[in-house]
Amino acid sequence: MVPVTNIGKNVYVIDNGGLGYERTNATYVVKTDSGSFLIDTGYAIAYRRLMEGLRAIGVGRNELKAVLLTHVHLDHCGSAPLLLRQFDDAVVVVHPRGARHLEDPSKLLEATKEIFGEAAFRRMGGLEPVDSSRIVQVSDEEELEFGQVTVRALYTPGHAPHHVAYLLEPHRFVFAGDALSTRGTVFRVPLPDTVPPGFDIEAGLKSIRRIFETDPRLVLITHYGWYVASRELMEEELELYRNWFERIGAMKSKGMDRFAIAEQFIREFEDGLRMPLHPVARDWIYRYVWGALLSLS
């Protein structure tokens, strides 16, 4: 049975399974008196698991109205075209700079294959094109109304140039996508989500501040979980990213390559935890280091 959790106030999380590991990839669902919407879909291979979760929550065939994407990376959008086949009333909401990758995902797919490798790419399931008539483009501060709730788009680049977080009112929940670090029981330690290509550290730090300046009660991230928002958490996030780039820059200046840098981080984390990291955490550290190095080039 697919893990589904009621966070409260008709907000649910479906553990969509990522690439075969639980508690690594979340889809959030909000039910209202005018239908339901969800935030981020997981990979295409997560589609059946996602549908099972929607059925468990009670989202009927005519109830889903929108799929809100924080950004167009396959672990956030892969199942979106498949959902549109099943839910005729649903549209996909995305930043304008991400819309073109939904209409024509060829460049995104090639980049994903290059970064993750052929074997992992095949496991993800790809991304089918989305007809422009089913895409709603949303820019910074635009609001969408769903019955008794309002969703405000927050342009939060850094992780991706088209990244958007969503503030849910009156809940004061922010669905932060990958604008904040990767966290949760699988990862053991918070990891700056600097996956390649094109991470922008200055934009990323501004986006962290932007999220917390909305005075949220909870921040909900895709990888993985929901956390009480506080100034302390904001400062922790800012310091985490600053320290990550400072250390990687220093190790780069000593001639260390991305593999040696990642292995040093892994050793340090495992020494601190006194236990091995989860395979997903180890793999993502290699990619996060690579992304940081590319942005420092």
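Placed above this text is the structure.
Report follows, based on the coordinates. (Residues numbered from 1 in each chain as written. Predicted model: local features only at pLDDT ≥ 70, side-chain atom pairs only at ≥ 80, totals over all residues. Heavy atoms only, no water.)

**Regarding the pairing of strand S9 (residues 149–155)**
Each regular strand shows side chains that alternate between the opposite faces of the sheet. Of all seven residues in S9, five are buried; the element is thus mostly enclosed. With four bridges connecting them, strand S8 (residues 143–146) and S9 associate as antiparallel partners. Directly across from Leu144, in S9, lies its bridge partner Val151. Here S8 folds back onto S9, and the loop between the two strands holds two residues, one of which, Gly147, carries a positive phi near 60°. (Buried < 20%, exposed > 50% of the residue type's maximum accessible area, 1.4 Å probe, protein only. Helix = DSSP H or I, 4+ residues; strand = E, 2+ residues; numbered from the N terminus. Pairing = 2+ DSSP bridges.)

**Focus: the environment of Thr32**
Tracing the sequence through the fold places Thr32 in strand S3 (residues 26–32). Ignoring any residue separated from it by four or fewer positions in sequence, one finds Thr32 in contact with Phe37, Phe146, Gly147, Gln148 and Val149. Separated by 3.0 Å, the side chain of Thr32 and the backbone nitrogen of Ser34 make a polar contact. A polar contact of 2.7 Å, which involves the side chain of Thr32, links it to the backbone oxygen of Gly35. (Contact = heavy atoms within 4.5 Å. Polar contact = N/O pair within 3.5 Å; in protein donor to acceptor, adjacent residues only side chain to side chain.)

**Thoughts on the packing of helix H9 (residues 258–273) against helix H10 (residues 279–296)**
Contact geometry for H9 and H10: axes closest at 9 Å, N-to-C directions at 130°. Considering the angle they form, H9 stands oblique to H10. The interaxial crossing formed by H9 with H10 has right-handed handedness. Here H9 contributes Arg258, Phe259, Ile261, Ala262, Glu263, Phe265, Ile266, Phe269 and Glu270 to the contact with H10, which in turn contributes Arg282, Ile285, Tyr286, Val289, Trp290 and Leu293. Looking at the contact of H9 with H10 residue by residue, the class counts come to 11 nonpolar, no polar and four charged. (Axes fitted to C-alpha atoms, helices over the stretch in contact; angles between N-to-C directions. Parallel < 35°, antiparallel > 145°, perpendicular 65-115°, else oblique. Left-handed = near helix turned anticlockwise from the far one by under 90°. Nonpolar A, V, L, I, M, F, W, Y, C, P; charged D, E, K, R; others polar.)

**Considering the sheet that holds strand S11 (residues 173–177)**
A sheet is described by the order of its strands in space; here six strands give the open sequence S8-S9-S10-S11-S12-S13, paired in mixed fashion. One side of each edge strand has no neighbouring strand; the edge strands of this open sheet are S8 and strand S13 (225–228). Going from strand to strand, the sheet's axes swing by 25° on average, the running direction of each strand aside. Pairing geometry for S11 and strand S12 (residues 218–221), over four bridges, is parallel. Note that in S12 the partner of Phe175 across the bridge is Leu220.

**Digging into the pattern of salt bridges**
It is possible for side chains bearing opposite charge to pair when their charged atoms get close. Per the stated rule, a full pass over the model turns up 18 salt bridges. Two residues, Arg172 and Glu169, come together in a salt bridge whose shortest N-O distance is 2.4 Å. Exposure remark for Glu169: the relative accessible area of 22% places this residue in the partly exposed category. Bridged by salt links that share partners, the residues Asp140, Glu141, Arg152 and Arg210 form one connected network. (Salt bridge = Lys/Arg side-chain N within 4 Å of Asp/Glu carboxyl O.)

**With respect to the packing of aromatic side chains**
Under the criterion given, the structure shown has nine aromatic pairs. Summarising the aromatic geometry, the rings of Phe265 and Phe269 are spaced 6.1 Å apart at their centres and angled 25° between planes, so their arrangement reads as stacked. Taken together, the residues span about one helical turn, with Phe265 and Phe269 both in helix H9 at a distance of four residues. With a relative accessible area of 4%, Phe265 lands in the buried category. Through pairs of rings, three or more aromatic residues link up here, namely Phe187, Trp284 and Tyr288. Above the ring of Tyr227, the side-chain terminus of Arg183 is found at 6.0 Å from the ring centroid. Here the guanidinium or amino end of Arg258 rests over the ring plane of Trp290, the centre of that ring lying 4.0 Å away. (Phe/Tyr/Trp six-rings, centres within 6.5 Å; stacked < 30°, edge-to-face > 60°. Lys NZ or Arg CZ within 6 Å of the ring centre and 35° of its normal.)

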